[in-house]
Amino acid sequence: MSRLRLPRPILAFPAIGWLLIFFVAPVLLVLWFSFGYKPGVFQTHANDKLSFDRYAEALNPTFFTTFWNTLWVGVAGTLLCLIIAFPVAYWMAAKIPSRYRGLLIALVMVPYWTNFLVRTIGWQIILAPHGWLSAALNWLGLIDGSLDILYTRSAVLLGVVYNYLPLMILPLYVAFDRVSQDMREASKDLGAGRIATLLRVTIPLAMPGIIVGTLLVYIPLMGDYITATVLGGAKGNMAGVLVASQFQTAQNWALGSAMAVLLILLILVSAALAGLIIWLLLLPFNRSRRLVIGVAK
Amino acid sequence: MTSSGAIAAPRKNRKPLNLVEAGLGVWGVIVFIFLFAPIVVIFIYSFNSGRLLTSWDGFGFQGYEAMIAKPAVTSSVWVSLRAGVLSSVLATLLGTLAGVAMARRPGKWVIWFSALLLFVAITPEIVDAVSLLPWLVFLGQDLGLGIFNDGIVRLVVGQSLFSTAVVTYIVRSRLVGLNENLEEASADLYASPTKTFWKITLPLAMPAVLAGALLSFTLGLDNTIVASFVQVSGTTPWPVYVLSAVRSGLRPDIASMSVVMLVLTLGAIGLVVVVLKKAGDSATQIARTLAG
């Protein structure tokens, strides 16, 4: 009886409290710092005068270049992940005998569970100007001389596609796994070709997985710090590195906080915008499909 | 002739299909090679006998010897192990209780709590890092809570957030899949709620709790970004040591250490898979659990 009088989430209270203290409160503190300023060389922040000046200061040309760069790498990287992962996930879910699927999933997991930084250092070795890849490409006659990709935006793009690819393959695999063979065969029996089945049965049914995968890749990718640090050098800078440098080297917490807030806004706004655009583009298709169902009834 | 023609005819029909399948297979193999390329390279270069990691000199075990000989390396691994175990214990405790509450005491609060967990899980690590650093400094210095100046405590706090979300999610999905009959029977037989929790709910959730604990441990071992911000000099975990080596110059012992840590991580993950398989999960369910 006494059980009923206890608040229902009581067992979750420790976790809720912990996350409020060490997740919500710190983020709010950063928001608060972003309205402050850096009073002197040896102090990191002060909040006795509140203003939007740090945001104005943050929005300088270097910042815009870096943010544009981040957005470019974020969008291109996510699209590349989707394009690369889509056939692989489909292959794993639809073409591989089920007893080997577990093994392949485990193989996708190995890079995912290898330390992020270590994987990226692996690419630093591969992409070195006189490294293996350089030698191989020279031998094939594709390039002449050293490979000049390390410490450029292309190297960062390659690095992020590599680093976040498992996060795209796994949700897509789960989504395709749910679209059973029966569904595709039914579509075929009803006269749909391969492409029609793919576009009208498999992809719409796998859509939740595609959206999850895209967000799982896009959001952390936009905040990436490690890949850009290891492979980017000065030319391949991303917003995460810029924010970090304000906290670690410049010791300007006020400006760094404003940049962090702007980065979060950029991620949220761009993801929402992309969602809106895709929704608008698909609107005519959704309408026609509804119409067909209506007639059939 | 006729019989071979009869066999050839359906084959001809399937030919475009086979081409697509072959293409998918080739693409799959290429992507797997891509996924393993840097890991294989790190493994090979961990046997580089040269002074610099990136330029191959010859085969040797000098990297592994240097790794054991350098106190900075061994102590960073030791720091990571301690922080990993402690953050795993903490996250498992918080996450198990929260997961049980979500599965067995549903209500409007679950929506709000799920939203909070989602935010914790998807916030880019760099944002967690830059917000935790000022917060821990505020707690430790401005409020005078000395415990937050301790290196291990800071690492544990930083690692516990994401891990708590992961454990909560795993425990919740395990219990949601099992109906409440046993717990109701236990209550009908006059067991107190506490006794029911210990004797029925917790054993039912155990595979998920163990899997969550091991996953938290590996997440803790790998924590790089948050750790590099909140760490105190003297308690540097191994990924932060590697990150500082990226800036000052990479040596083969970095690769050797990475290989050792990878073997440790994969051992823990292998255990997770065994635990989940024993509990009757399919390969797809395991994949979903491990991918968070």
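Report on the accompanying structure. All figures in this text were calculated on a predicted structure; none of them were measured in a lab. (Residues numbered from 1 in each chain as written. Chains lettered and ligands numbered in written order. Predicted model: local features only at pLDDT ≥ 70, side-chain atom pairs only at ≥ 80, totals over all residues. Heavy atoms only, no water.)

1. Concerning the overall build of chain A
The secondary structure content of chain A amounts to 13 helices and zero strands. In terms of overall dimensions, chain A is more spread out than a globule: its C-alpha atoms have a radius of gyration of 24 Å, far above the 19 Å expected for 297 residues. Projected onto its principal axes, the C-alpha positions of chain A cover 75 × 75 × 40 Å. When burial is assessed residue by residue, chain A has 48% of its 297 residues classed as buried. Partitioning the contacts of chain A with sequence separation of at least 6, the portion at a separation of at least 24 is 68%. Accessible surface for chain A amounts to roughly 14900 Å². Of this, 71% is attributable to carbon and sulfur atoms. Computed over 21 positive and 10 negative side-chain charges, the inter-centroid distance for chain A is 12 Å. (Helix = DSSP H or I, 4+ residues; strand = E, 2+ residues; numbered from the N terminus. Rg over C-alpha atoms; globule rule 2.2 N^0.38 Å. Buried < 20%, exposed > 50% of the residue type's maximum accessible area, 1.4 Å probe, protein only. Contact = heavy atoms within 4.5 Å. Areas by Shrake-Rupley, 256 points an atom, 1.4 Å probe, with all protein chains shown as cover. Lys, Arg positive; Asp, Glu negative; His and termini not counted. Charge placed at Lys NZ, Arg CZ, Asp CG, Glu CD.)

2. What to know about the overall build of chain B
Helices and strands together make up the secondary structure of chain B, namely 12 helices and zero strands. Counting from the amino terminus, chain B carries its helices and strands in the arrangement α-α-α-α-α-α-α-α-α-α-α-α. Against the globule reference of 19 Å for 292 residues, chain B gives a C-alpha radius of gyration of 25 Å, more extended than a compact globule. In terms of overall dimensions, chain B has C-alpha extents of about 90 × 70 × 30 Å along its principal axes. Within chain B, buried positions represent 51% of all 292 residues. Element-wise, carbon and sulfur atoms account for 68% of the exposed surface of chain B, whose accessible area totals about 13700 Å².

3. Considering the interface of chain A and chain B
Listed per partner, the contact involves 76 residues of chain A and 84 residues of chain B. When chain A packs against chain B, close to 7400 Å² is buried across both sides, 82% of that on carbon and sulfur atoms. Inspection of the chain A/chain B interface yields one salt bridge. Of the charged contacts, one joins Lys 95 of chain A and Glu 21 of chain B as a salt bridge, the two residues approaching to 3.4 Å between their closest N and O atoms. Inspection of the region where chain A meets chain B yields eight residue pairs in polar contact (both at pLDDT 80 or more). For the side of chain A that touches chain B, the leading source of residues is helix α2 (residues 13–33) of chain A, giving 15 residues. Class assignment for the residues of the side of chain A that touches chain B results in 60 nonpolar, nine polar and seven charged. (Buried area = accessible area lost by both parts, 1.4 Å probe. Salt bridge = Lys/Arg side-chain N within 4 Å of Asp/Glu carboxyl O. Polar contact = N/O pair within 3.5 Å; in protein donor to acceptor, adjacent residues only side chain to side chain. Nonpolar A, V, L, I, M, F, W, Y, C, P; charged D, E, K, R; others polar.)

4. Here's the deal with the packing of aromatic side chains
On inspection of all chains with the given rule, the structure shows 27 aromatic pairs over all chains. Look at Phe 52 of chain A and Tyr 55 of chain A: their rings are 6.2 Å apart centre to centre, the planes differ by 50°, and that puts the pair in the tilted class. Ring pairing ties together the aromatic residues Phe 43, Phe 47, Phe 59, Phe 61 and Tyr 64 of chain B, which thus form one cluster. In this arrangement the basic side chain of Lys 49 of chain A is found over the ring face of Tyr 37 of chain A, its NZ or CZ atom lying 5.0 Å from the centre. Directly above the aromatic system of Trp 72 of chain A lies the positively charged group of Arg 153 of chain A, at a separation of 3.8 Å from the ring centroid. (Phe/Tyr/Trp six-rings, centres within 6.5 Å; stacked < 30°, edge-to-face > 60°. Lys NZ or Arg CZ within 6 Å of the ring centre and 35° of its normal.)

5. Concerning the environment of Leu 202 of chain B
Residue and element names in this part refer to chain B. Its place among the elements puts Leu 202 in helix α8 (residues 193–222). Taking the C-alpha atoms as reference points, Leu 202 and Asn 181, separated by 21 residues in sequence, lie 14 Å from one another. Apart from the residues within four sequence positions on either side, Leu 202 is in contact with Thr 96 and Phe 197.

6. Let's talk about the pattern of salt bridges
Inspection of the entire model under this criterion finds five salt bridges over all chains. A salt bridge links Arg 101 of chain A to Asp 177 of chain A; the shortest N-O distance between them is 3.6 Å. With a gap of 76 residues between them, Arg 101 of chain A in helix α5 (residues 98–113) and Asp 177 of chain A in helix α8 (residues 153–178) connect regions that are remote in the sequence. Judged by relative accessible area, Asp 177 of chain A falls into the partly exposed class, the value being 26%. Glu 183 of chain B is the partner of Arg 104 of chain B in a salt bridge, and the nearest nitrogen-oxygen pair spans 2.9 Å. Of this pair, Arg 104 of chain B sits in helix α3 (residues 71–104) while Glu 183 of chain B is found in helix α7 (residues 181–188), placing the two residues 79 residues apart along the sequence. Just as Arg 104 of chain B is buried, Glu 183 of chain B falls in that class too.

7. Side note on the nonpolar core
In terms of nonpolar packing, the biggest core is built from 179 residues, with Phe 22 and Met 92 of chain A together with Met 257 of chain B touching the most fellow members. With 17 residues, the single largest contributor to this core is α8 of chain A. (Core = buried A, V, L, I, M, F, W, Y, C linked by side-chain atoms within 4.5 Å.)

8. Regarding the environment of Phe 138 of chain B
Topologically, Phe 138 of chain B is positioned in helix α5 (residues 125–142). Residue Phe 138 of chain B is classed as partly exposed on the basis of its relative accessible area, which comes to 27%. Between the C-alpha atoms of Phe 138 of chain B and Pro 252 of chain B, which are 114 residues apart in sequence, the distance is 39 Å. Contact partners of Phe 138 of chain B, with chain neighbours within four places excluded, come to Leu 29 of chain A together with Leu 143 of chain B.

9. Some details on a nonpolar patch on the surface
Residue and element names in this part refer to chain A. On the surface, Leu 265, Val 269, Leu 273, Leu 276, Ile 277, Ile 278, Trp 279, Leu 280, Leu 281 and Leu 282 cluster together into a nonpolar patch covering about 960 Å² of accessible area. Structurally, Leu 265 is set in helix α13 (residues 253–296). Residue Leu 265 is classed as partly exposed on the basis of its relative accessible area of 44%. (Patch = residues over 30% accessible without salt bridge, like charges linked within 9 Å, V, L, I, M, F, W, Y side chains within 5 Å.)

10. A short note on the packing of α3 of chain B against helix α10 (residues 238–248) of chain B
Residue and element names in this part refer to chain B. Between α3 and α10, the least distance of the axes is 7 Å, while the angle of their chain directions is 140°. When the axes of α3 and α10 are compared, the pair comes out oblique. Taken together, the residues of α10 that come into contact with α3 (itself represented by Ala 72, Val 73, Ser 76, Val 77 and Ser 80) are Trp 238, Pro 239 and Tyr 241. Tallied by class, residues from the contact of α3 with α10 come to six nonpolar, two polar and no charged. (Axes fitted to C-alpha atoms, helices over the stretch in contact; angles between N-to-C directions. Parallel < 35°, antiparallel > 145°, perpendicular 65-115°, else oblique.)

11. Focus on the packing of helix α4 (residues 61–95) of chain A against α8 of chain A
Residue and element names in this part refer to chain A. Two elements in contact, α4 and α8, have axes separated by 6 Å at closest approach and are oriented at 40°. Classified by the interaxial angle, the pair formed by α4 and α8 is oblique. Where α4 crosses over α8, the handedness of that crossing is right-handed. By residue class, the composition of the contact of α4 with α8 is 25 nonpolar, three polar and two charged. (Left-handed = near helix turned anticlockwise from the far one by under 90°.)

12. Thoughts on the side chain of Arg 101 of chain A
All names here are of chain A. When its relative accessible area of 18% is taken as the criterion, Arg 101 is described as buried. One polar contact links the side chain of Arg 101 to the main-chain carbonyl oxygen of Ile 96, over a distance of 3.0 Å. In contact with Arg 101, other than residues within four places in its own chain, are Met 92, Ala 93, Ile 96, Tyr 173 and Asp 177.

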